[in-house]
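Summary of the model geometry
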Amino acid sequence: MASLPFEFIDFAALPGVECPCGVARRGLMDQLQVPYSLHITDISKDARVHYHRQTTETYLFLACDQDAQMELDGRLLPVRPQTALVIYPGTRHRAVGTMRVAIIASPKFDESDEYFD
């Protein structure tokens, strides 16, 4: 069967995966022609600081607490819905507060590229 000229992702049908941030639903993980993965992640209040050596992540904030912040190398940055943040490799980061984010990971998310101090 010929491949389709598009990808359609039903995030509600994807399994939730426990992660250091909360629960992620990871799309595009198996599509070799797409060089990134796209996640919808529900971040909990106890998200852990981590970093990636290879992956650049773009967070698009869909919904969040009024006082939500991102911790980036120890500095706090207030965030709100309809804003985005690009996190480069090596940046230690975590979300502070509960939120729902879309995360574009490039290259595709790889658990072996997730580090904790």
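Structural data are supplied above this passage.
Heads up: these notes are all about the structure in this document. (Residues numbered from 1 in each chain as written. Predicted model: local features only at pLDDT ≥ 70, side-chain atom pairs only at ≥ 80, totals over all residues. Heavy atoms only, no water.)

Scanning the entire structure with this criterion turns up four salt bridges. Between Asp42 and Arg100 there is a salt bridge; the shortest N-O distance is 2.7 Å. Here the residue Asp42 occupies a position in strand E3 (residues 37-43), and Arg100 occupies one in strand E9 (residues 99-106), the gap between them amounting to 58 residues. Taking the shortest distance from any N to any O, the salt bridge between Lys45 and Asp65 comes out at 3.4 Å. Taken together, the positions of Lys45 in the loop between E3 and strand E4 (56-64) and Asp65 in the loop between E4 and strand E5 (69-72) put the pair 20 residues apart, joining distant regions of the chain. For Lys45, a relative accessible area of 60% puts it in the exposed group. (Salt bridge = Lys/Arg side-chain N within 4 Å of Asp/Glu carboxyl O. Helix = DSSP H or I, 4+ residues; strand = E, 2+ residues; numbered from the N terminus. Buried < 20%, exposed > 50% of the residue type's maximum accessible area, 1.4 Å probe, protein only.)

A separate point is the nonpolar core. Judged by nonpolar contacts, the single largest core of 18 residues is most densely connected at Ile43, Tyr59, Phe61, Met70, Met99 and Val101. When residues no more than four places from it in sequence are discounted, the contact partners of Tyr59 are Cys21, Ile43, Met70, Thr83, Ala84, Leu85, Ile87, His93, Val101, Ala102 and Ile103. (Core = buried A, V, L, I, M, F, W, Y, C linked by side-chain atoms within 4.5 Å. Contact = heavy atoms within 4.5 Å.)

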